[in-house]
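If you want the building blocks of each chain, they are given just below.
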Amino acid sequence: MLSEAGKVIGTELSKKYSFRSRKQIGSQIRIEEPVDQKEKSSRENELLILKKGSTKEKTSKRQHLSIAYEERMLNDSLQKEGLKGSVSGATRTESKKLKWEPDNWREVINNIREMRRQRDAPVDTMGCDKCADESAPPKETRYHSLVSLMLSSQTKDAVTYAAMQKLRQHGLTVPNVLNTDDKTLGQLIYPVSFWKSKVNYIKRTTQILQDEYDGDIPDSVEKLCKLPGVGPKMAHLCMKTAWGILTGIGVDTHVHRISNRLGWVKKATKTPEATRIALEAWLPTELWDEVNNLMVGFGQQLCKPVNPLCSTCLNRNLCPFGQLHSRGKQ
């Protein structure tokens, strides 16, 4: 006759292998009578371990199936959104929150490329990246880039370019600028906007470059923004033009205005810096360098601050501002 422990084990096995008869189970598993109470307790402990292991195994399988199902559903969602790739593992949770991006933005930017195909806007020939003397020593060329950006604030490209030509003829080097009196420097950069303030900024910044950077310019956005008269837009553009390093989107008044008109910001922004942060949140990094020049020229020629040429714009049916502007003229 089987012991009490044997009966329990037989019952558990019959549950686990329900497709077999009890007689078959009994014939395959031989259970001996325990010789004492100690052995009986040992077998009962083994039974408890067996039951716990079975529970863990079932739980693990359920979790695995659940994760696989969630990943499949999320990947299906990504494909519907037109996004490539798949989600699994540690990135699964982060990928659930798909980033916001404006509708039809790829079509919009392709249309702007087409409208800017001639590359004949002022920024294309007289922008800040065209003002430096590329034949000068590297330190001097980087200094030219920084000064041209400082002059360009709220100033048309043609005016900035003319001022840079006069400065270069005068001798646009750190030692020479420090030896130039404020009146002469003002005459050289006039009529750039706020030229008196910019004379002060240039002289103070140049002194810092001489004292702290051995006549060179800083090599980070953080350090550049600490210079008098230098803001985030200038710093990011300077990192690209002077150092060849892409650190962010240079957002000026044109990029700021057009981004809001196109609905390229999730919520309307009031400052260029807020627009920069909003754009960088969704625009692919590989387009950051292109978008500044592309949109500045577009703003200079078509999407003007006043009287924009919406009727001839290829994006007139995709742009929220263009749609309203066109209705207002009907």
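Residues numbered from 1 in each chain as written. Predicted model: local features only at pLDDT ≥ 70, side-chain atom pairs only at ≥ 80, totals over all residues. Heavy atoms only, no water.

An unreviewed UniProt entry lists the protein under the name Endonuclease III homolog, with Zootermopsis nevadensis as the source organism. In the Catalytic activity (unreviewed entry) part of its UniProt record, the protein is described as follows: "2'-deoxyribonucleotide-(2'-deoxyribose 5'-phosphate)-2'-deoxyribonucleotide-DNA = a 3'-end 2'-deoxyribonucleotide-(2,3-dehydro-2,3-deoxyribose 5'-phosphate)-DNA + a 5'-end 5'-phospho-2'-deoxyribonucleoside-DNA + H(+)". Under Cofactor (unreviewed entry), UniProt gives the following word-for-word description of the protein: "[4Fe-4S] cluster". (UniProt positions renumbered as here; feature names shortened; annotations may be inferred.)

**Q** Whenever I open this one, the overall build of the protein confuses me. Can you help?
**A** A tally of regular secondary structure across the protein gives 17 helices and 0 strands. Within the protein, counting contacts between residues at least 6 apart in sequence, those at least 24 apart form 60% of the total. Counting every atom, the protein has about 20200 Å² of accessible surface; 51% of that belongs to carbon and sulfur. (Helix = DSSP H or I, 4+ residues; strand = E, 2+ residues; numbered from the N terminus. Contact = heavy atoms within 4.5 Å. Areas by Shrake-Rupley, 256 points an atom, 1.4 Å probe, with all protein chains shown as cover.)

**Q** What exactly am I supposed to notice about the packing of helix H7 (residues 138–152) against helix H13 (residues 232–243) here?
**A** Each pair of packed helices can be summarised by the angle the axes make with each other and by the distance between the axes. At a minimum axis separation of 9 Å, H7 and H13 run at an interaxial angle of 150°. Considering the angle they form, H7 stands roughly antiparallel to H13. The hand of the H7/H13 crossing is right-handed. Residues Arg142, Ser145, Leu146, Leu149, Met150 and Ser152 of H7 touch H13, and the partners they reach there are Lys233, Met234, Leu237, Cys238, Thr241, Ala242 and Trp243. (Axes fitted to C-alpha atoms, helices over the stretch in contact; angles between N-to-C directions. Parallel < 35°, antiparallel > 145°, perpendicular 65-115°, else oblique. Left-handed = near helix turned anticlockwise from the far one by under 90°.)

**Q** When you look at the layout of surface pockets in this model, what are you seeing that I'm missing?
**A** The computed volume of the largest pocket comes to approximately 1000 Å³. Ser152, Lys233, Leu237, Asp252 and Val296 are, among the 38 residues lining the largest pocket, the residues nearest its centre. Mapped by element, the contributors of at least two residues to the lining of the largest pocket are helix H6 (122–126), H7, helix H8 (157–170), H13, helix H14 (253–262), helix H15 (272–280) and helix H16 (288–301). Here the lining of the largest pocket gets 7 residues from one element, more than from any other, and that element is H13. Across the lining of the largest pocket, the residue classes tally to 14 nonpolar, 15 polar and 9 charged. Both domains that meet at the lining of the largest pocket, namely domain 1 (105–120 + 250–326) and domain 2 (131–243), each give it at least three residues. (1 Å grid on protein atoms, 1.4 Å probe; cavity = no way out; pocket = protein on both sides within 12 Å on 5 of 7 lines; lining within 4 Å. Points joined across faces, edges and corners; volume = space filled by probe spheres on them. Nonpolar A, V, L, I, M, F, W, Y, C, P; charged D, E, K, R; others polar. Domains from an automatic or database assignment.)

**Q** When you look at the environment of Phe298 in this model, what are you seeing that I'm missing?
**A** One can find Phe298 in helix H16. With 182 residues separating them in the primary sequence, Phe298 and Arg116 have C-alpha atoms 6.6 Å apart. Among residues more than four places away in sequence, those in contact with Phe298 are Ile112, Met115, Arg116, Ile258, Cys303 and Cys313.

**Q** Is there a simple way to explain the packing of aromatic side chains in this structure?
**A** Geometrically, a pair of aromatic rings is defined through the distance of the ring centres and the angle of the planes. Counted under the stated rule, the structure contains 4 aromatic pairs. Centroid distance Trp100 to Trp282: 6.4 Å. Interplanar angle 90°. Geometry classified as edge-to-face. With Trp100 in the loop between helix H4 (91–95) and helix H5 (105–115) and Trp282 in the loop between H15 and H16, this residue pair connects regions lying 182 residues apart in the sequence. With a centroid separation of 5.7 Å and 90° between ring planes, the pair formed by Tyr190 and Trp195 is classed as edge-to-face. (Phe/Tyr/Trp six-rings, centres within 6.5 Å; stacked < 30°, edge-to-face > 60°.)

**Q** Even after reading the chapter, I still don't get empty space enclosed by the protein, so can you show me in this structure?
**A** It is a probe the size of a water molecule, rolled over the atoms, that shows where empty space is left. Evaluation of the coordinates by the stated rule reveals 1 cavity of 30 Å³ or more. Estimates place the volume of the largest cavity at around 120 Å³. What lines the largest cavity is a set of 14 residues, and nearest its centre among them are Phe298, Cys303, Cys310, Cys313 and Cys319. If you list the elements that add at least two residues to the lining of the largest cavity, you get H14 and helix H17 (320–329). Residue composition of the lining of the largest cavity, grouped by class: 11 nonpolar, 2 polar and 1 charged.

**Q** Would you explain the environment of Val221 in this entry?
**A** Position of Val221 among the secondary structure elements: in helix H12 (residues 221–224). Each C-alpha atom of the pair Val221 and Ala235 lies 5.2 Å from the other, and the pair is 14 residues apart in sequence. Residues within four places of Val221 in sequence aside, it is in contact with Ala235, His236, Met239 and Thr247.

**Q** Explain H5 to me, please; I cannot follow it from the model alone.
**A** Taken together, the buried positions of H5 are occupied by Trp105, Val108, Ile109, Asn111, Ile112 and Met115. The buried residues of H5 occupy an angular sector of 155° when the element is viewed end-on, so they sit on one face. (Buried < 20%, exposed > 50% of the residue type's maximum accessible area, 1.4 Å probe, protein only. Arc of directions from axis to C-beta.)

**Q** Just to check I follow, could you spell out the packing of H14 against H16 for this structure?
**A** Packing of H14 against H16 brings their axes to within 8 Å, and their N-to-C directions diverge by 85°. One element, H14, and the other, H16, form an angle in the roughly perpendicular class. Where H14 abuts H16, its residues His254, Val255, Arg257, Ile258 and Ser259 lie against Asn292, Met295, Val296, Phe298, Gly299 and Gln300. Here the contact of H14 with H16 is built from residues that sort into 5 nonpolar, 5 polar and 1 charged.

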